[in-house]
Each structure stands twice: as structure tokens, then as C-alpha cells.
Amino acid sequence: MKKQGIASRDKFLKEIGIKISQRRNLLGISQEELADKADLDRTYISGIERGKRNVSVFTLKKIIDSLDLKLIDFFNGSIK
């Protein structure tokens, strides 16, 4: 993968992580609580929020569902 592609991927993963973190904080739940709701490991949630994990679509859906959001709202920026 070219450097530009890697930079673009990394930016996208960080944006996803920020949205997840913002919504989680808005709901007042910990990473551990989110991980339990989504049936994932807390360290995995941490990696996603930091943009260090390339999360699968199915896993992202589990997280978004656990945050009481719809996919369209998550990607349109309506996390409140």
C-alpha cells in the first residue's frame, strides 16, 4: 500500500475511533461497559478508539448497536 493510502486509512480509522469514544462518553459508559455490551474485549475497544485497529464491518455494527445508534446516524455524524 502506498504512503498516501496508509495515511488515508489511518485517518479514517482514527475518525471512527473518535466517534465511538465521543458517543461512549456522551452515554457515560466505560470502555469495559461498552465491551461487555458488544461482546468484545476492553483492550480491543481501546485499540479501536485510538485508531489502531482495523475493525470489521460486523464488529463495527455490534459496537454501533451497543451505543444505541443506527449505522446511518453514525456515519452522518449524528452521534447525539
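Since the structure is predicted, the reported quantities are computational estimates derived from the model, not experimental observations. (Residues numbered from 1 in each chain as written. Predicted model: local features only at pLDDT ≥ 70, side-chain atom pairs only at ≥ 80, totals over all residues. Heavy atoms only, no water.)

**Some thoughts on unusual backbone geometry**
And step 1. With phi around 60 degrees, Asp39 is a residue other than glycine that occupies positive phi space.
And step 2. When its relative accessible area of 65% is taken as the criterion, Asp39 is described as exposed.
And step 3. For Asp68, which is not a glycine, the phi torsion comes out positive at approximately 55 degrees.
And step 4. Assessed through its relative accessible area of 56%, Asp68 is described here as exposed. (Buried < 20%, exposed > 50% of the residue type's maximum accessible area, 1.4 Å probe, protein only.)

**Focus on helix α3 (residues 42-49)**
And step 1. In terms of residue burial, α3 counts as a mostly covered element, since 6 of its 8 residues are buried.
And step 2. Where α3 terminates, the next one or two residues include Gly51, which has phi positive at roughly 75 degrees. (Helix = DSSP H or I, 4+ residues; strand = E, 2+ residues; numbered from the N terminus.)

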